[in-house]
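Remarks on the overall topology
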Amino acid sequence: MKILVCITHVPDTTSKIAFTDDNTKFDKNGVQFIIGPYDDYALARAVELKEAHGGSVTVLNVGTAETEPTIRKALAIGADDAIRVDAEPLDSYSVARNIAHYAKEGAYDLILMGRESIDFNSGLVHGMVGELLNLPSFSPVMQLDIEGDTAKMSREIEGGKEFLEVKLPFVAGCQEPIAEWKIPNMRGIMTARTKPLNVVPATEETVQVSAEKFELPPEKGEVKLVDPENPAELVNLLNNEAKVL
Amino acid sequence: MSILVFAESADGSIKKSSLEAISYALEMGGDVTALALGTIDASEMEALGKNGAQKVLHVEDERLNQGHIAAYATAIAQAMDHTGANILVLAKSSLSDIVAAKVAIKNGAGIATNVSELPDTSNGFTVKRSIYTGKAFANVSLTTDKKILGIKKNVVALKEDGGQATVEKFDVTFDDADFGAQITGSEVAEGDVLLTEAEIVVSGGRGLKGPENWGMIEELAKELGAATGCSKPVSDIGWRPHHEHVGQTGVKVSPNLYIAVGISGAIQHLAGVNSSKVLVAINKDPEAPFFKAADYGIVGDAFEVVPKLIEAVKKLK
Ligand SMILES: Cc1cc2nc3c(=O)[nH]c(=O)nc-3n(C[C@H](O)[C@H](O)[C@H](O)COP(=O)(O)OP(=O)(O)OC[C@H]3O[C@@H](n4cnc5c(N)ncnc54)[C@H](O)[C@@H]3O)c2cc1C
Ligand SMILES: Nc1ncnc2c1ncn2[C@@H]1O[C@H](COP(=O)(O)O)[C@@H](O)[C@H]1O
């Protein structure tokens, strides 16, 4: 089974977000980058599926050269090879077009992604890639097992989950508890250095949605503390001051 | 401007978040058509009109009672063509983004999800959307003729002063592949207020020590008509079901009121709740980071504070 996992290169979840150049650029200063947490679940499940069924795992990122350490980490976790589509990821559409192009070329049996990136939070790329390749897409997928050419999965729905059966190939956006995040071991880190990381050109540059300006949420005021002996005062404030009851 | 709104339903009822989407479309100005899929109660069609839809397209196909992503996308794309709508609005749900992504490709529309305000059309078409998991916003401009907006909960108030919508049957040409995935079953918590739809959420963290102590969280939630949520470790250990997990890697909520009990306020938890209108923290540690994000707080032992809080809420009624 040939599995493609699409990963993002995103600020660590503890990062403080700031912008520069009159709020038109993300400030990378001091920011640690990681594999997107949902993409990390997808990768972990892909590696498990490969271990169970044989085959290969390819990771793909649409990004500039600075994402390569993140791609190497995915190789250390257990992917066999990697593709970097050399482009700045500007919007979901251009990213999806690029992924679809190389995914088609690779004829994968399964394409796994995260349910969403944690920088754009669009939740769109898996759906777009599926549509571009004429494949079904599912998200957020919480369990995924393969038997022969059929996948059994569960997808989160409001207040619970639903169970699905579908024939390969398809695209899935993953979330926990599909697998546990894997931490690369020493051997993985060593072998990752020599695994192939192919840099390929962007095939699509049309952008439909462009970020003009960024802003931060308004500063929170001081918290109003209520006496623990008198929670009724909290109810009073929520009712009469905040007017949310 | 002609706007189509996807009126998502569950068990014959239109979701409240979809009614918000209709009110949103109405505020944008223009003709608002709602698209309803599957079996829908007649009274629900009235709600669509009352909230601002002038027309409802109804695809009666019973197969659509289940959330077939591909079929929904086909139906919405055809409805957009049929009405000549240049804008599609959807409310955030577990399937709306992925369905919208497919419609975007089918109809060549530019798309923005996580939208948190009405668009600004004074110079082109820009919308504000939440990015970096609620830690920032981006004003994005959409340059395509057709546009799709996925809106967050609580972006606009329900209008409820509209009239009667005319209901029109709408036939969609489906492909076999649209129903290619078999939905074999589901597991849904019965009777609870849905986390994603709730106006108030009461969440518990590891500070509650064990699942046996959730009785008071559920009782407080019940008194407030709230949904219950939890922090990630709580669902990881299995104290609470996964769908209650709130935060960066879980459900993102934006209710009017979010009450966090025994939750430290790690940045990844806050990422899922920071667009709530009012945040309340109850924690015995005055240094808990949640107090930096909260509007109101009680520094105290949850096991003493929450029962008193329940009593106070009961008295209010
Ligand atoms: C990539 C990544 C993604 C993550 N995503 C999420 C996410 O989506 N959601 C999420 O929640 N977490 C997430 N986390 C985990 C997060 O970092 C924290 O570990 C987690 O939120 C802590 O949960 P908690 O507050 O319940 O537990 P703790 O941090 O253990 O806090 C318990 C709190 O309870 C208080 N307490 C103890 N006893 C009492 C009492 N009797 N009365 C009142 N208060 C009491 C304590 O003072 C403490 O503040 C993520 C982490 C990573 C690395
Ligand atoms: N630049 C990118 N390169 C590779 N995969 C991506 C990229 N952007 C998004 N994806 C994949 O698409 C998923 C959804 O992303 P998004 O639509 O941005 O929320 C992510 O979890 C990734 O798996």
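Scoring rules and cut-offs
Residues numbered from 1 in each chain as written. Chains lettered and ligands numbered in written order. Predicted model: local features only at pLDDT ≥ 70, side-chain atom pairs only at ≥ 80, totals over all residues. Heavy atoms only, no water. Contact = heavy atoms within 4.5 Å. Buried area = accessible area lost by both parts, 1.4 Å probe. Salt bridge = Lys/Arg side-chain N within 4 Å of Asp/Glu carboxyl O. Polar contact = N/O pair within 3.5 Å; in protein donor to acceptor, adjacent residues only side chain to side chain. Nonpolar A, V, L, I, M, F, W, Y, C, P; charged D, E, K, R; others polar. Pairing = 2+ DSSP bridges. Helix = DSSP H or I, 4+ residues; strand = E, 2+ residues; numbered from the N terminus. Near = heavy atom within 4 Å. Axes fitted to C-alpha atoms, helices over the stretch in contact; angles between N-to-C directions. Parallel < 35°, antiparallel > 145°, perpendicular 65-115°, else oblique. Left-handed = near helix turned anticlockwise from the far one by under 90°.

1. Digging into the interface of chain B and chain A
Facing 85 residues of chain B, the contacting portion of chain A comprises 80 residues. Overall, the association of chain B and chain A removes approximately 6800 Å² of surface from exposure, summing both partners, and the carbon and sulfur fraction of that is 59%. Linking chain B with chain A are 8 salt bridges, by the criterion used here. Between Asp 295 of chain B and Lys 220 of chain A there is a salt bridge, and its shortest N-O distance comes to 2.8 Å. At the junction of chain B with chain A, the criterion picks out 43 residue pairs in polar contact (both at pLDDT 80 or more). Counted by class, the side of chain B that touches chain A contains 38 nonpolar, 31 polar and 16 charged residues. Summarising the sheet, strand β14 (residues 209-215) of chain A and strand β9 (residues 136-142) of chain B pair through 6 bridges and their orientation is antiparallel.

2. Topic: the site of ligand 2
Residues and elements named next belong to chain A. Surveying the vicinity of ligand 2 reveals 19 residues, the closest of which are Cys 6, Asp 39, Ser 117, Gly 123 and Leu 124. Between ligand 2 and Ser 122 there is a distance of 3.1 Å, counted from an oxygen atom to a backbone nitrogen or oxygen. Note that an oxygen atom of ligand 2 is positioned 2.9 Å from one of the backbone N or O atoms of Val 125. Secondary-structure elements contributing two or more residues to the shell around ligand 2 are β6 (56-63), α3 (92-106) and β8 (110-114). At 3 residues, β6 tops the list of elements feeding residues into the shell around ligand 2. Partitioned by chemical class, the residues of the shell around ligand 2 number 10 nonpolar, 7 polar and 2 charged.

3. Describing the packing of helix α4 (residues 125-133) of chain A against helix α4 (residues 96-107) of chain B
In the contact formed by α4 of chain A and α4 of chain B, the axes pass within 7 Å of each other and the chain directions differ by 45°. When the axis of α4 of chain A is compared with that of α4 of chain B, the two are oblique. Note on packing geometry: the crossing formed by α4 of chain A with α4 of chain B is right-handed. Each of His 126, Gly 127, Met 128, Gly 130, Glu 131 and Leu 132 of chain A in α4 of chain A lies in contact with α4 of chain B, whose residues at this interface are Ile 98, Ala 101, Lys 102, Ala 104, Ile 105 and Lys 106 of chain B.

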